[in-house]
Amino acid sequence: GKRKSWSTSVMYDSDESEGSDILVRKVSAKRRCILDDDEGSEERQPDKTRPTENVSTSRKQKVLAKLKELVRQSAARRSCSSANCEDSNSEAPVEEEPLCQLPPMPSEGSETDSSSIKDFIVEEDEDNNDDDDDIDNTEQTKISDTFSCITSILYLSRCDHYVHFKRIVKAFLINAIDDAFLSSLYDGTRQKKYAQDMLLSLHYLDDRFIQPRLENLICRSRWKDRYKERVDCYPDVRISLRNTKNMSCQACEMKRCCKFSVLLSGRLYNSKTLQVDDFMSDDKQVLKVGVVCANRTRVYHNLKHFKYKLYMDCSSVAELDGVEDEPVKDTVERLFSHLEDSGWIQKKYNDLEDYMEDADSFQEEK
């Protein structure tokens with residue numbers, strides 16, 4: 001027969017069997033459509049790319065199914081391994097909980113993990129053309145990236161919020177004895193694993209717990225920048241009910257029925273190292289505000305200065321200890337164990353959760 005090469009896209013329908021549905025398919029320009037002029041019929045040679053596409057799709061579905069099964073098995077194994085994970089009821093030491101490192105690859109001796117990983121190795125057919133090889137390689141890369149992403153998320157989710165909080169308490173106890181500890185964390189001087197874990201937990205507290213809620217409280221308010229800066233600078237606040245007065249609220253500068261007095265005081269401090277600045281240490285600010293701004297001030301101030309207040313409480317514990325001539329590490333471990341056993345750390349963590357819940361549920365100002 002004579003073969004014709006088409007330079008443009010071809011539309012064809014298949015009616016070779018009775019009662020069959022009409023199928024319309026657009027053939028790529030670089031594919032060849034074969035006609036047999038000698039038989040005088042419109043019969044075409046079957047499209048050779050279609051079985052390949054079906055095989056590729058089937059293989060992709062199988063790999064994705066195995067991916068899900070592997071993730072499920074991996075999560076089950078982790079949940080059963082009490083030595084490597086710590087939940088809110090765990091008594092394991094905080095240093096044993098790794099942070100933000102990808103889980104180790106299975107060893108060659110692990111038959112279960114090895115067979116699971118082998119499920120993701122897809123052998124290529126030798127007779128596939130170059131185009132099909134490129135497509136399959138791309139699919140394998142995407143599947144591998146997805147697997148790594150899911151595994152990382154599962155691993156990081158093991159780091160319970162309470163684990164981060166206990167690391168922070170321990171860091172504050174160390175800094176209460178050695179006041180240069182936090183500074184050395186942030187300037188990168190300390191590179192040991194325990195120090196890096198503490199630094200990551202401090203960032204976690206700031207970036208995940210506190211700062212997003214503070215920004216949400218501000219963007220939904222009518223506070224003026226000057227009032228926000230005052231609340232940010234003073235770590236102590238006292239809000240009291242006073243005589244009602246119709247006036248401009250000193251927080252939002254809107255005409256309000258102002259009956260609350262906000263007294264701001266305390267020394268300015270560094271938000272990271274928590275070192276205080278004694279400049280104008282006795283300075284105070286008294287502001288008259290409406291009921292909504294008074295409530296927002298309470299919620300905002302509790303979160304904004306929670307870390308500093310927690311550090312001051314840890315410093316008080318260390319000062320009251322009275323034990324001398326003891327290595328810093330031993331002192332910190334002893335104090336930390338006492339605070340944990342007495343429920344002090346859990347209570348402080350519950351306070352933080354209450355403050356976050358107050359911020360999340362605060363209504364938008366009308």
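Whatever comes next refers back to the structure up there.
Residues numbered from 1 in each chain as written. Predicted model: local features only at pLDDT ≥ 70, side-chain atom pairs only at ≥ 80, totals over all residues. Heavy atoms only, no water.

## Remarks on the overall build of the protein
Helix and strand content of the protein: eleven helices and seven strands. Here the protein, with 366 residues, has 34% of them falling under the buried criterion. A sequence separation of at least 24 residues applies to 71% of the contacts in the protein between residues at least 6 apart. Total accessible area on the protein is roughly 23000 Å²; 48% of this is exposed by carbon and sulfur atoms. (Helix = DSSP H or I, 4+ residues; strand = E, 2+ residues; numbered from the N terminus. Buried < 20%, exposed > 50% of the residue type's maximum accessible area, 1.4 Å probe, protein only. Contact = heavy atoms within 4.5 Å. Areas by Shrake-Rupley, 256 points an atom, 1.4 Å probe, with all protein chains shown as cover.)

## Here we look at the packing of aromatic side chains
Applying the stated criterion across every chain, the model contains nine aromatic pairs. Ring centres 6.3 Å apart and planes at 35° place the aromatic pair F165 and F306 in the tilted group. Remark: F306 occurs in helix α9 (residues 306-321) and F165 occurs in helix α4 (residues 161-177); sequence separation between them is 141 residues. Exposure remark for F165: the relative accessible area of 2% places this residue in the buried category. Look at F306 and you get buried, because its relative accessible area is 6%. Taken together, a centroid distance of 6.1 Å and an interplanar angle of 75° make the contact between F306 and Y355 edge-to-face. On the criterion of sequence distance, the pair formed by F306 in helix α9 and Y355 in helix α11 (residues 344-361) is long-range, its members being 49 residues apart. (Phe/Tyr/Trp six-rings, centres within 6.5 Å; stacked < 30°, edge-to-face > 60°.)

## What to know about the pattern of salt bridges
Pairs can form between side chains of opposite charge once their charged atoms are near each other. For the structure shown, the criterion picks out 13 salt bridges. For K170, the salt bridge goes to E333, with nearest N and O atoms at 3.2 Å. Of this pair, K170 sits in helix α4 while E333 sits in helix α10 (residues 328-341); the two residues are 163 residues apart in sequence, bridging distant segments of the chain. Across the pair R334 and D321 runs a salt bridge, and its minimum N-O distance is 2.8 Å. With a gap of 13 residues between them, R334 in helix α10 and D321 in helix α9 connect regions that are remote in the sequence. For R334, a relative accessible area of 32% translates into the label partly exposed. Residue D321 is classed as partly exposed on the basis of its relative accessible area of 21%. (Salt bridge = Lys/Arg side-chain N within 4 Å of Asp/Glu carboxyl O.)

## Let's talk about helix α8 (residues 291-304)
Within an α-helix, residues lying three or four positions from one another point in the same direction, as the helix has 3.6 residues per turn. With 14 residues, α8 extends 20 Å between its outermost C-alpha atoms, agreeing within 8% with the 20 Å of an ideal straight helix rising 1.5 Å per residue. Among all positions of α8, only C293, A294, R296, T297, V299, Y300, H301 and L303 are buried. (Expected span 1.5 Å × (residues − 1).)

## Focus: the pairing of strand β3 (residues 236-248)
Relative to strand β4 (residues 255-265), β3 is paired through ten bridges, and the arrangement is antiparallel. Counterpart to I239 in the pairing with β4 is V262. Between β3 and β4, which pair antiparallel one after the other, the connecting turn spans six residues, and E253 there sits at a positive phi close to 60°. (Pairing = 2+ DSSP bridges.)

## Topic: the sheet that holds β3
Spatial strand order, β3-β4-β7: three strands in an open sheet with antiparallel pairing. Here the strands that pair on one side only, and so sit at the sheet edges, are β3 and β7 (285-289). Recorded for the sheet is a direction-independent mean angle of 25° between the axes of neighbouring strands. In terms of strand pairing, β4 meets β7 through five bridges, oriented antiparallel. For V262, the partnering residue across the bridge sits in β7 and is L287. (Axes fitted to C-alpha atoms, helices over the stretch in contact; angles between N-to-C directions.)

## Comments concerning α9
Between its first and last C-alpha atoms α9 spans 23 Å; for 16 residues at 1.5 Å apiece the expected length is 22 Å, and the two agree. G322 sits one or two residues past α9 and shows a positive phi near 80°.

## Concerning unusual backbone geometry
Of note, the phi angle at E253 is positive, near 60°, even though the residue is not glycine. By the secondary structure assignment, E253 is in the loop between β3 and β4. When its relative accessible area of 51% is taken as the criterion, E253 is described as exposed. Of note in this structure, L274 is not a glycine but carries a positive phi near 65°. Position of L274 among the secondary structure elements: in the loop between β5 (268-269) and β6 (276-277).

## Some points on the nonpolar core
Of all hydrophobic cores here, the largest spans 58 residues; its most connected members are F165, F172 and V289. Residue contributions to this core peak at ten residues, all from helix α6 (residues 193-219). Aside from chain neighbours lying at most four places away, what touches V289 is Y227, C249, Q250, A251, C258, K259, F260, V262 and A294. (Core = buried A, V, L, I, M, F, W, Y, C linked by side-chain atoms within 4.5 Å.)

## Points about the environment of K272
Locating K272 in the fold gives a position in the loop between β5 and β6. Beyond its immediate sequence surroundings of up to four residues, K272 is in contact with L182, Y186 and K307.

## As for the packing of α6 against α11
Orientation of α6 relative to α11, taken along the N-to-C sense of each, is 35°, at an axis distance of 9 Å. For the crossing formed where α6 meets α11, the hand is left-handed. Contacts between α6 and α11 involve L205, F209, R213 and L217 from the first element and L352, M356, A359 and D360 from the second. Residues belonging to the contact of α6 with α11 are distributed by class as follows: six nonpolar, no polar and two charged. (Left-handed = near helix turned anticlockwise from the far one by under 90°. Nonpolar A, V, L, I, M, F, W, Y, C, P; charged D, E, K, R; others polar.)

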